[in-house]
Amino acid sequence: MSTVAAPEHPWLLPATLRGRPEPARRAPRRSVRDWIVDTHCFLFAVGFLVLAFGDWQEGTESFVLRSPFDPALMAVDVATAVPACLALWLRRRWPIGVALALMPLGLFSACGAIALLISIFTVAVHRPLLPAALITAWHVVAGAFYCYLRPDPDLSYWGNVALTTVLITTVLAWGMFVRARRQLVLSLRDRAERAEAEQQLRISQARHLERTRIAREMHDVLAHRISLLSLHAGALEFRPDAPPAEVAQAAGVIRASAHQALQDLREVIGVLREEPGDRPDRPQPTLAELPALIEECREAGMRISEQITVAAASTVPESVGRTAYRIVQEGLTNARKHAVGAAVTLTVSGAPGDGLTVEIGNRNPLGKPPDPEIPGTGTGLIGLAERVSLIGGTLDHGRGAGDDFTLSAWLPWPA
C-alpha cells in the first residue's frame, strides 16, 4: 500500500504547506517556521526604524536617511512607523487589510520602509496577482511622491524614482515566485493524495471483482454438488425398499458429495478471509474433465447422451475450456433440478479458428418436480452469460420446438 511520504522536518514548512486550514479559521495556525520568520521580519523592521531615528537624532546622513528631514515630519514618521511594525504580526491573517492600512506611509515614511516592503511581499504571497499588483502600483506612485518630498543628494529625481520602482517591483516578483512555488507544491501533494486514493479504489475494486469471481465459481460448484445430494436423498426417500447395495451406493454418493461440498465451502471462506494474492488460486476445471462430470451425473440417475467432437482438444485455451466446463455443469444442474427424469443431450464440437460450440437440451420432464423443490438463486444463467461475454462468446437459451429447453453457447477459439 502506497502512502504519501511525510516531510522529515515539518516544523520547517510554512503553515500553508504543512496542512490544510481548519474550516472555522480564516488562516492556518502559524508553524514554527512562521514564528521564526515573523519574528525576524518584526525585528528587521524595528531595527530599521531605530537606525533611521538614531540618524535623525544625530543629524547625520546614512544609507537610511539620505537627506535632512523636517522635525515635525520625522515625528509623524516615527509615530506611524511604530504601529506599522506591530501590524506585521497581523499580516498573515489580514494581508490586504494590513497593506491598505500602511499605504499612506508610502508617501512620506522612511522609518516604516521595511514594514511597507514586507506588507507588499505578504500580499503577493498570500493573495492573487490583481490585488498585489494594485497595491504595488500605488506604492510606485507613492514612491515618486516620496522622492520629491525627500530627495536624494547623490541621485537625480528620476534616478531615485527608478531605483525605488525597481526595489518595489522586485519585492512583488519575489512574492509571486514564492506563491507560485507553494501552489506547485500543493498541486503535487493533491495529485499524490488523489493517486493514493485512486490506488486504494483500484485495490477495493480488484478485491470486489475477486470476490465476485469466487462467488460465481462457488455457485456453479455448490449448485452441482447440492443438486446431486438432493437427488440421491430423494431416491432414498421414495425407495425405502431398495436393495441394500443400492442404498449403500446412494449413501456413499451422498457422503462423498457432502464432503466435497463442505471442502469447497471451506476453501471459499478461507479465500474470502484472506487478501487477494496471499494464496494461489485453486486449480480450475478444463475441457478434459467433462467425461468425469458426465459420469458423475449418470451415477446420480441422469440419462445423458453426449457427443464430443473437438479437434485438437489439448490446444483449447484455458479460459475457453473452463467456460465450456461451467456451461455444461450449469446446464446439467438445471436439467436435474427442473426436468426430473428427462433425457439430456449434450453436444460439444469445435476446432481452432471455428470456435467451440456447446449445446445442452432436455425434453419435457417426465416426472413430477421434487417436493420440496431444490432451491436455487435464479442467477446461474446470468452468471454464464457474463462468463461468455467476458471472453467474447455468445449464449442463447430458451424453449424451442416441442417445448424442449435448449442451452447453447459459442466460444471463440483462435486458430
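Reading guide: rules and limits
- Residues numbered from 1 in each chain as written.
- Predicted model: local features only at pLDDT ≥ 70, side-chain atom pairs only at ≥ 80, totals over all residues.
- Heavy atoms only, no water.
- Helix = DSSP H or I, 4+ residues; strand = E, 2+ residues; numbered from the N terminus.
- Buried < 20%, exposed > 50% of the residue type's maximum accessible area, 1.4 Å probe, protein only.
- Contact = heavy atoms within 4.5 Å.
- Areas by Shrake-Rupley, 256 points an atom, 1.4 Å probe, with all protein chains shown as cover.
- Axes fitted to C-alpha atoms, helices over the stretch in contact; angles between N-to-C directions.
- Parallel < 35°, antiparallel > 145°, perpendicular 65-115°, else oblique.
- Nonpolar A, V, L, I, M, F, W, Y, C, P; charged D, E, K, R; others polar.
- pLDDT = per-residue confidence, 0-100.
- Expected span 1.5 Å × (residues − 1).
- Polar contact = N/O pair within 3.5 Å; in protein donor to acceptor, adjacent residues only side chain to side chain.
- Salt bridge = Lys/Arg side-chain N within 4 Å of Asp/Glu carboxyl O.
- Pairing = 2+ DSSP bridges.
- Right-handed = clockwise from strand over helix to strand, strands pointing away.

*Asks:* Teacher, can you tell me more about the overall build of the chain here?
*Replies:* Along the backbone of the chain there are eleven helices and five strands. Put simply, the chain has 415 residues, and 36% of those count as buried. Sequence-distant contacts in the chain: of pairs separated by 6 or more residues, those separated by 24 or more amount to 71%. If you sum the accessible surface of the chain, you get close to 23,500 Å²; carbon and sulfur atoms cover 63% of it.

*Asks:* How should the packing of helix H9 (residues 290-299) against helix H10 (residues 318-338) be read in this particular structure?
*Replies:* Packed helices, taken two at a time, are described by the angle their axes make and the gap between the axes. At a closest axis distance of 10 Å, the pairing of H9 and H10 adopts a crossing angle of 10°. Classed by the angle they form, the pair H9 and H10 counts as roughly parallel. Residues Leu290, Leu293 and Cys297 of H9 touch H10, and the partners they reach there are Tyr325, Val328, Gln329, Leu332 and Arg336. Residues belonging to the contact of H9 with H10 are distributed by class as follows: six nonpolar, one polar and one charged.

*Asks:* Just checking my understanding: could you explain the confidence of the model for the chain for this structure?
*Replies:* Any region with low pLDDT has predicted coordinates that should not be read closely. Across the chain, the average pLDDT comes to 78, with 78% of residues at or above 70. Throughout residues 21-25 the model reports pLDDT below 50, and contacts reaching past four residues in sequence, or to other chains, amount to two contacts.

*Asks:* So what exactly am I meant to see when it comes to H10 here?
*Replies:* Given 3.6 residues per turn, any residue in an α-helix points the same way as the ones three and four places further on. Taking 1.5 Å per residue, 21 residues should reach 30 Å; H10 reaches 30 Å between its end C-alpha atoms and fits that length. Burial analysis of H10 places 17 of its 21 residues in the buried class, the great majority of the element.

*Asks:* Explain the environment of Arg92 to me, please; I cannot follow it from the model alone.
*Replies:* On the secondary structure map, Arg92 appears in the loop between helix H3 (71-87) and helix H4 (95-102). Distance in space between the C-alpha atoms of Arg92 and Ser119 is 9.5 Å, their sequence separation being 27 residues. A polar contact of 2.9 Å, which involves the side chain of Arg92, links it to the side chain of Asp38.

*Asks:* Any chance you could explain the pattern of salt bridges here in plain terms?
*Replies:* Pairs can form between side chains of opposite charge whenever their charged atoms are close. One pass over the full model with this rule turns up four salt bridges. Of the charged contacts, one joins Asp38 and Arg92 as a salt bridge, the two residues approaching to 2.9 Å between their closest N and O atoms. Highlighted residues: Asp38 in helix H2 (residues 32-58) and Arg92 in the loop between H3 and H4, separated in sequence by 54 residues. When sorted by exposure, Asp38 lands in the same class as Arg92, which is buried. Of the charged contacts, one joins Arg298 and Glu306 as a salt bridge, the two residues approaching to 2.3 Å between their closest N and O atoms. Take Arg298: its relative accessible area is 31%, and that puts it in the partly exposed class. Glu306 sits in the partly exposed class, given a relative accessible area of 34%. When salt bridges with common partners are traced through the structure, they connect Asp38, Arg91 and Arg92 into a single cluster.

*Asks:* Any chance you could explain the pairing of strand S2 (residues 343-351) here in plain terms?
*Replies:* Consecutive side chains along a regular strand alternate between the two faces of the sheet. Bridge count for strand S1 (residues 303-310) against S2 is eight bridges, and the pairing is parallel. What sits directly across from Glu306, in S2, is Leu346. A crossover connection joins S1 to the parallel S2 through H10; in handedness this β-α-β unit is left-handed. Bridging between S2 and strand S3 (residues 355-362) involves eight bridges; their strand directions are antiparallel. Opposite Thr347, over in S3, you have Glu359 as the bridge partner. Where S2 hands over to S3, the hairpin turn is made up of three residues, of which Gly353 adopts a positive phi near 95°.

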